[in-house]
Every structure is written in C-alpha cells, then in structure tokens.
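Residues per chain are reported as follows:
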2 protein chains.
Amino acid sequence: MELLEERIRRDGIVKKGNVLKVDSFLNHQMDIQLFNEIGKEFKRLFAECPINKILTIEASGIGIACIAAQYFQVPVVFAKKAQSINIDGDVYSTKIESFTHKKIYDVIVSKKFLSREDHVLIIDDFLANGCALAGLIDLVQSAGAAIEGIGIVIEKGFQHGGDLIRGKGVRLESLAIIDGMDDETGDIYFRQ
Amino acid sequence: MELLEERIRRDGIVKKGNVLKVDSFLNHQMDIQLFNEIGKEFKRLFAECPINKILTIEASGIGIACIAAQYFQVPVVFAKKAQSINIDGDVYSTKIESFTHKKIYDVIVSKKFLSREDHVLIIDDFLANGCALAGLIDLVQSAGAAIEGIGIVIEKGFQHGGDLIRGKGVRLESLAIIDGMDDETGDIYFRQ
C-alpha cells in the first residue's frame with residue numbers, strides 16, 4: 001500500500017535491534033485519516049469473504065479494527081490481556097509471549113462473542129514473530145469459528161511470523177512488508 | 001442520549017457490587033454503529049471548542065475515541081499503562097489506581113504527542129471513582145495543554161468521580177448517567 005509505505009518512510013524511526021517506531025501515526029498517536037485508508041484497503045482485499053466479525057487484541061489493534069469495521073459493517077471483539085473481574089469465567093484463553101514487554105500474557109475472549117457461526121477477520125497493527133497472531137488464531141479455533149483471513153498493517157518480513165502463519169494455510173494480507181532496516185542510515189526496505 | 005440508555009437497558013447486565021456489564025456492545029465486543037452515534041453526539045456537544053487532539057486511555061477508550069475523532073477530524077493519542085521498551089524515556093507519567101484490577105498503574109504519554117499548543121478532548125468509556133480521568137487530566141496539565149472538555153459514555157452517578165472532576169472546573173459531558181442499579185430486578189435508573 002503506497003500511501004502507507006510513504007508514511008512509514010517519512011515518519012517511521014529505525015532504532016537499534018530492528019525496532020521500528022511508528023508511534024507518531026499508528027500505535028500511540030493515531031492518524032485516523034490514514035486508518036480510514038487502511039480500512040478501505042482491508043475491505044478491498046477481503047471484499048468477497050463472508051466476514052461477520054473482526055477480532056483484534058488490545059491495545060494498538062483496536063483503533064485500526066474499529067475504523068476498518070465501518071467498511072465491513074460488523075462488530076469488533078478485542079481479546080484482553082490478563083483476567084479481569086469484570087469478565088465472566090466463561091472465556092476462551094490462550095497464552096501469548098510478548099518480546100516487547102518480556103512477559104507471557106493470558107489472553108481471553110468471552111465465549112459469548114465468538115462461536116462456530118462466526119466468520120472472523122483478524123486485524124492487528126504489527127506482525128513480527130507471530131506470537132500474538134498465533135494466539136488469536138488459537139482463540140478463534142477454540143470457538144470453532146472460521147478464520148476468513150488476517151489483515152496486518154506492518155509485517156516485519158525478516159522475522160518469521162509471516163512464514164509461520166502462511167504455513168498454517170491461513171490467508172494473510174500485510175499492507176506493508178519490511179524486508180530490512182538500517183538503523184545507521186534510517187533506510188527501510190519494502191518487499192515489492 | 002436516548003439511544004444509548006435504551007441499549008444499556010436492553011443489553012446491560014447488573015451484577016452484585018454495583019457492577020454493570022456492557023461488554024456485548026461497549027468494552028469487549030464493540031458495536032461500531034452505536035460508536036458512530038456516540039461520536040456524533042460528542043461532536044454536537046463540543047462543536048464550538050477548538051479541539052485539535054483527542055486523548056484516551058487503553059484499552060476500552062480507544063475504539064470510541066477513534067470513531068469520534070472522525071467527526072472532529074483530529075488525531076487520537078492513547079495513554080499507555082506501564083512502561084514499554086518501545087516508548088522513549090521522554091514521557092509524561094502519572095499513577096492511576098484501578099479498582100477493577102486492584103492495582104496501581106504507571107500511565108504514560110510521550111512528550112512528542114502532547115504540548116502546550118494542544119487543545120484536548122478527553123474521551124473514555126466509563127466514569128466511576130474518577131481515578132483514570134484524574135490521571136489523564138494530570139497528563140494534559142503536565143504538558144501545559146488546554147483541556148477543552150471530557151466526554152464519557154457511561155457515568156456511574158452514584159460514585160464520586162463526576163463530582164470530583166466537575167469540582168475541578170473541567171467541562172464534563174456524560175452521555176448516560178446512572179443514579180442507581182438493582183442487581184435483583186436488573187433495573188437501571190438514569191438521571192433525567
């Protein structure tokens with residue numbers, strides 16, 4: 001997606017350790033006009049799929065999922081990290097390892113909001129090692145729901161998450177795939 | 001807001017201990033059509049304010065803030081719970097006590113995304129004891145930004161958060177104010 005790649009080139013900051021900071025428009029401050037273009041692109045890519053629900057995970061997937069949901073006219077469910085006393089005991093749960101926060105989360109979705117009638121589009125902001133996505137796929141499969149596809153804003157193509165997910169036979173569409181970054185020059189190399 | 005009160009009456013579940021579950025449409029599964037009506041109402045209420053940024057807090061405020069931001073045509077910034085290694089050291093921080101999760105969070109916003117030039121609308125899903133809102137107000141004031149107002153979806157009027165915030169002289173608009181709930185009958189009493 002040209003507009004997105006331009007924005008990443010302009011406002012993304014490459015840091016040591018293959019860290020890409022896009023917090024000025026994607027996952028801390030959020031550019032809602034850009035999110036609308038992202039939402040339209042997801043709709044274009046998955047237009048023929050009988051999607052009736054979007055699933056994401058807190059926190060940075062929520063904004064993108066909600067804006068995109070307007071184009072699909074479906075509700076959004078977000079998976080929650082860690083048990084809350086306001087969640088019923090009746091949940092699907094999985095464990096997700098976060099390398100960013102160096103911990104393992106319990107991630108849950110209420111059984112009320114995912115069932116075998118559902119045709120789910122999973123949306124998230126980033127795909128790197130694929131741990132979060134694997135957890136979301138696990139939650140959908142626990143519910144017996146169908147995964148129509150996965151929409152990712154930025155995939156770090158030099159990590160193995162994309163291969164892992166595509167290897168499961170799930171349709172994965174990433175709007176920008178980064179094959180390499182140079183923290184000295186700030187250059188970002190996108191997959192063509 | 002009539003549509004919202006009807007929805008709370010229809011789908012809200014009153015539990016012991018003054019807990020109101022609205023997770024089927026507001027803060028776990030999210031009804032994006034309803035969020036659009038909420039966004040329009042916030043815009044109507046704050047139409048004359050020179051708002052250039054919406055601030056919310058992860059996780060359940062994000063969806064509402066993003067949908068509402070479309071009517072204001074401004075970016076959204078969400079305050080993050082706990083330090084992440086992907087956040088620069090240069091942050092405003094405050095502490096927020098969560099009664100739901102029975103813990104105290106460090107909550108941060110990058111100094112890049114709040115400054116004395118900003119005119120901020122704070123948006124959140126719930127107001128009960130006001131701890132989260134007081135923290136967000138603290139972050140805005142640390143940045144020297146102006147608080148144009150606060151938009152809340154559901155205020156528990158029988159708790160003291162609303163009085164606390166209004167006592168600070170900040171304009172607070174809650175779309176539904178609940179003055180009482182009965183967990184035996186399921187009745188919910190709205191302020192007129």
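It should be noted that the structure appears before, not after, this text.
An account of the accompanying structure is given in this report. Because the structure is predicted, anything quoted here is derived from the model rather than measured. (Residues numbered from 1 in each chain as written. Chains lettered and ligands numbered in written order. Predicted model: local features only at pLDDT ≥ 70, side-chain atom pairs only at ≥ 80, totals over all residues. Heavy atoms only, no water.)

**A closer look at the packing of helix α2 (residues 32–45) of chain B against helix α3 (residues 61–72) of chain B**
Between two packed helices, both the angle of their axes relative to each other and the distance between the axes serve to describe the pair.
Residues and elements named next belong to chain B.
(1) Moving on: Direction vectors running N to C along α2 and α3 enclose 50°, while the axes themselves pass 8 Å from each other. Between α2 and α3, the angle is such that the two are oblique. Our pair here, α2 against α3, has a crossing hand that is right-handed. Residue-level inspection shows Ile32, Phe35, Asn36, Ile38, Gly39, Lys40, Phe42 and Lys43 of α2 in contact with α3, the latter providing Gly63, Ile64, Ile67, Ala68, Gln70, Tyr71 and Phe72.
(2) Moving on: Of the residues assigned to the contact of α2 with α3, the class counts are nine nonpolar, four polar and two charged. (Axes fitted to C-alpha atoms, helices over the stretch in contact; angles between N-to-C directions. Helix = DSSP H or I, 4+ residues; strand = E, 2+ residues; numbered from the N terminus. Parallel < 35°, antiparallel > 145°, perpendicular 65-115°, else oblique. Left-handed = near helix turned anticlockwise from the far one by under 90°. Contact = heavy atoms within 4.5 Å. Nonpolar A, V, L, I, M, F, W, Y, C, P; charged D, E, K, R; others polar.)

**Let's talk about helix α4 (residues 131–142) of chain B**
Residue and element names in this part refer to chain B.
(1) Moving on: Look at α4: 16 Å from first C-alpha to last across twelve residues, which is about the 16 Å you get at 1.5 Å a residue.
(2) Moving on: Along α4, the positions that sit buried rather than exposed are Leu133, Gly135, Leu136, Ile137, Leu139 and Val140.
(3) Moving on: Count one or two residues on from α4 and you reach glycine 144, which has phi positive near 75°. (Expected span 1.5 Å × (residues − 1). Buried < 20%, exposed > 50% of the residue type's maximum accessible area, 1.4 Å probe, protein only.)

**A closer look at the packing of aromatic side chains**
Ring pairs (aromatic) are described by centroid distance and by the angle formed between their planes.
(1) Moving on: One pass over the structure, following the stated rule, counts zero aromatic pairs over all chains.
(2) Moving on: A:Lys81 extends its terminal NZ or CZ atom over the ring of A:Tyr105, reaching a point 5.1 Å from the ring centre. (Phe/Tyr/Trp six-rings, centres within 6.5 Å; stacked < 30°, edge-to-face > 60°. Lys NZ or Arg CZ within 6 Å of the ring centre and 35° of its normal.)

**Some details on the pairing of strand β10 (residues 172–181) of chain A**
Residue and element names in this part refer to chain A.
(1) Moving on: Buried residues dominate β10, accounting for eight of its ten residues.
(2) Moving on: Where strand β9 (residues 146–156) meets β10, six bridges bridge the pair, whose relative direction is parallel. Bridging from a neighbouring strand, isoleucine 152 pairs with serine 174 of β10.
(3) Moving on: Here β10 folds back onto strand β11 (residues 188–190) in antiparallel fashion, the turn holding six residues, of which glycine 186 has a positive phi close to 80°. (Pairing = 2+ DSSP bridges.)

**Some remarks on the side chain of B:Asn36**
(1) Moving on: Tracing the backbone through its elements, the reader meets B:Asn36 in helix α2.
(2) Moving on: Each residue touching B:Asn36, except ones within four places of it in the same chain, is listed here: A:Gln70, B:Ile67, B:Gln70 and B:Tyr71.

**Thoughts on the environment of A:Ile137**
All names here are of chain A.
(1) Moving on: Inspection of the secondary structure assignment puts isoleucine 137 in helix α4 (residues 131–142).
(2) Moving on: Along the sequence, isoleucine 137 and glutamate 48 sit 89 residues apart, while their C-alpha atoms lie 21 Å from each other.
(3) Moving on: Excluding anything up to four places from it in sequence, isoleucine 137 contacts Ile122, Ile147, Ile150, Ile165, Lys168 and Val170.

**A look at the relation of the copies chain A and chain B**
(1) Moving on: For the pair chain A and chain B, the superposition axis carries a translation of 0.0 Å, the fit reaches an RMSD of 0.0 Å, and the rotation angle comes to 180°. Such a combination of rotation and displacement between the chain copies is what one expects of a two-fold axis.
(2) Moving on: Residue by residue, 100% of the interface of chain A is reproduced at the interface of chain B, so both copies engage with the same surface. (Least-squares fit on C-alpha atoms with pLDDT ≥ 70 in both.)

**Some words on the environment of B:Phe113**
(1) Moving on: Checked against the element boundaries, B:Phe113 lands in the loop between β7 (103–110) and β8 (119–127).
(2) Moving on: Residue B:Phe113 is classed as buried on the basis of its relative accessible area of 4%.
(3) Moving on: Sequence separation between B:Phe113 and B:Gly157 is 44 residues, and the spatial gap between their C-alpha atoms is 32 Å.
(4) Moving on: Setting aside residues no more than four positions away along its own chain, B:Phe113 makes contact with A:Asp23, A:Ser24, A:His28, A:Gln29, B:Lys53, B:Val77 and B:Asp118.

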